[in-house]
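Each chain, letter by letter, is given below.
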Amino acid sequence: MATDIGGAKALAAEVAAFAQAEGMRTALLFPPPQMGQDSILDGPEFSAALVEFGPRLAFLGGGASLNPLLQAAAERTPTPSELDVFRKRAELIAQSGARGFGEIALHHLSMTSKHPYELVSADHPYLKVLMDVAAARDLPIDLHFDPILAQSTLPEALRGNKNPSGFTPNVDGFERLLAYNRGARVIWAHAGGGDDFGAFTPHLVTRLLTEHPNLYLSVRPRSKRPGAILGTGERNDAWLAVIESFPDRFVMGSDSFFVQSTRGGAAQTFAERLGSQTQAIRRVLQLLTPETARKVASENAIRLYHLP
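Keep in mind the model is a prediction, meaning the values are calculated, not measured. (Residues numbered from 1 in each chain as written. Predicted model: local features only at pLDDT ≥ 70, side-chain atom pairs only at ≥ 80, totals over all residues. Heavy atoms only, no water.)

## Points about the overall build of the chain
How we decide: Segments assigned H or I by DSSP are reported as helices when at least four residues long, segments assigned E as strands when at least two residues long, and all are numbered from the N terminus. Atoms counted for the radius of gyration: C-alpha only. Globule rule: 2.2 Å times residue count to the power 0.38. Burial classes: relative accessible area under 20% of the type maximum marks a residue as buried, over 50% as exposed, and values in between as partly exposed (1.4 Å probe, protein chains only). Surface accessibility in these figures is a Shrake-Rupley result with a 1.4 Å probe; residues are shielded only by whichever protein chains are displayed. Under this rule, positive means Lys or Arg and negative means Asp or Glu; His and the chain ends count for nothing. For this purpose, a charge sits on NZ of Lys, CZ of Arg, CG of Asp or CD of Glu.
Regarding its fold elements, the chain presents 11 helices and 11 strands. Taking 2.2 N^0.38 as the reference for a compact globule, 308 residues should give roughly 19 Å; the C-alpha atoms of the chain span a radius of gyration of 18 Å, in line with that estimate. Dimensions along the principal axes, computed over C-alpha positions, put the chain at roughly 50 × 45 × 40 Å. Taken across its 308 residues, the chain has 56% of its residues classed as buried. Accessible area of the chain: about 13,200 Å², with a carbon and sulfur share of 53%. If the 30 positive side-chain charges of the chain are averaged to one point and the 32 negative ones to another, these points end up 3 Å apart.

## Observations regarding the packing of helix H2 (residues 43-50) against helix H4 (residues 80-95)
Stated precisely, the cut-off is as follows: Structural elements are reduced to axes, namely lines fitted to C-alpha atoms, with helices fitted over the stretch in contact, and the angle between N-to-C directions of any two is expressed from 0 to 180 degrees. Should an angle fall under 35 degrees it is called roughly parallel, over 145 degrees roughly antiparallel, and 65 to 115 degrees roughly perpendicular, with every other angle called oblique. Handedness of a helix crossing follows the sense of rotation of the near helix relative to the far helix, less than a right angle counterclockwise being left-handed and clockwise being right-handed. Whether two residues are in contact is decided by their heavy atoms, any of which lying within 4.5 Å being enough. Following the grouping adopted for this structure description, the nonpolar residues are Ala, Val, Leu, Ile, Met, Phe, Trp, Tyr, Cys and Pro, the charged ones are Asp, Glu, Lys and Arg, and the polar ones are all others, Gly among them.
Two elements in contact, H2 and H4, have axes whose closest approach is 8 Å; the angle formed by their N-to-C orientations is 15°. Taken together, the axes of H2 and H4 lie roughly parallel to each other. Judged by the sense of rotation from one axis to the other, the crossing of H2 with H4 is right-handed. Along the contact surface, H2 presents Gly43, Pro44 and Glu45, while H4 presents Arg89, Leu92 and Ile93. A breakdown of the residues in the contact of H2 with H4 according to their chemical character gives 3 nonpolar, 1 polar and 2 charged.

## A word on the nonpolar core
Operational definition: Only buried residues count toward a nonpolar core. Its members are Ala, Val, Leu, Ile, Met, Phe, Trp, Tyr and Cys residues joined through side-chain atoms within 4.5 Å.
Judged by nonpolar contacts, the single largest core of 71 residues is most densely connected at Leu57, Phe101, Leu106, Phe174, Trp188, Val205 and Phe250. When neighbours within four sequence positions are excluded, Phe174 is seen to be in contact with Leu106, Ala122, Leu143, Phe145, Val186, Trp188, Leu208 and Leu215.

## A closer look at the pairing of strand E6 (residues 141-145)
Definition in use: At least two DSSP bridges between two strands are needed for those strands to be called paired.
Burial analysis of E6 places 5 of its 5 residues in the buried class, the great majority of the element. Burial along E6 is two-sided: Ile141, Leu143 and Phe145 facing one way and Asp142 and His144 facing the other are all buried. Relative to E6, strand E4 (residues 101-108) runs parallel, the two being bridged by 4 bridges. Bridge pairing links Ala105 to His144 in E6. When E6 meets strand E9 (residues 186-191), the two strands line up parallel, connected through 3 bridges. Note that in E9 the partner of Ile141 across the bridge is Val186.

Right, dumping it as structure tokens:
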């Protein structure tokens, strides 16, 4: 993440070198779902920083521009002029060469004291605009959605952060968003990363994949949270079985951060787990059948993001 073109180019060079060393044909970069609009480059500005790296790097846009607009209007209905501004920004991101939109937060838990809590209705007009633009442009939306299946109180592991004390079920809303425009492909981020509510499970994912043909998932293999694919080094066979059952619906995403060394905070903490996530990706691919591993590692991403 960077706040100026020079910083973005330096980070892009770091990512390109990392991708080459790891044997990646293309690495997809995109900003996390930000709350403020002045923090990170996005869309056309980000594109300018990556152009010299050719096919080694591609990007998604919207996490640092569309998501702040969405979160700022989470509890109200945007005016027609505001909707037009949002739509034009989404179109500009698409025209700038983005391979999709992301990361966009529908429901994002606060994981540290410096990490924001984000919540917006799945029926929000901005999300419908984004679904329509994504469908028209044939670009996927990378969506962060922490599911809640039943009325719940805050788990002990998440206390002391910026979360509310109680939570209401939200999966029905997620399904309404998916059904709103079947032409928009939604990539649900961080599958297999575990969750403190015990809701983001292979059982739920199997049902949603069966009922929603425009739903895909990005796999985050390792986490200390309950239910992860490789949470404590032990394999979670239920997650591996879901991936094998839907081999065309998963891509690999490490949820790794590259940040300027002076940034600090939650982003810096997340950046420090790059090595362990990379190892976990290799481990998961080894546990899958060769055909499924090939699809999850590259073929699905090439198709979904229109990569070279």
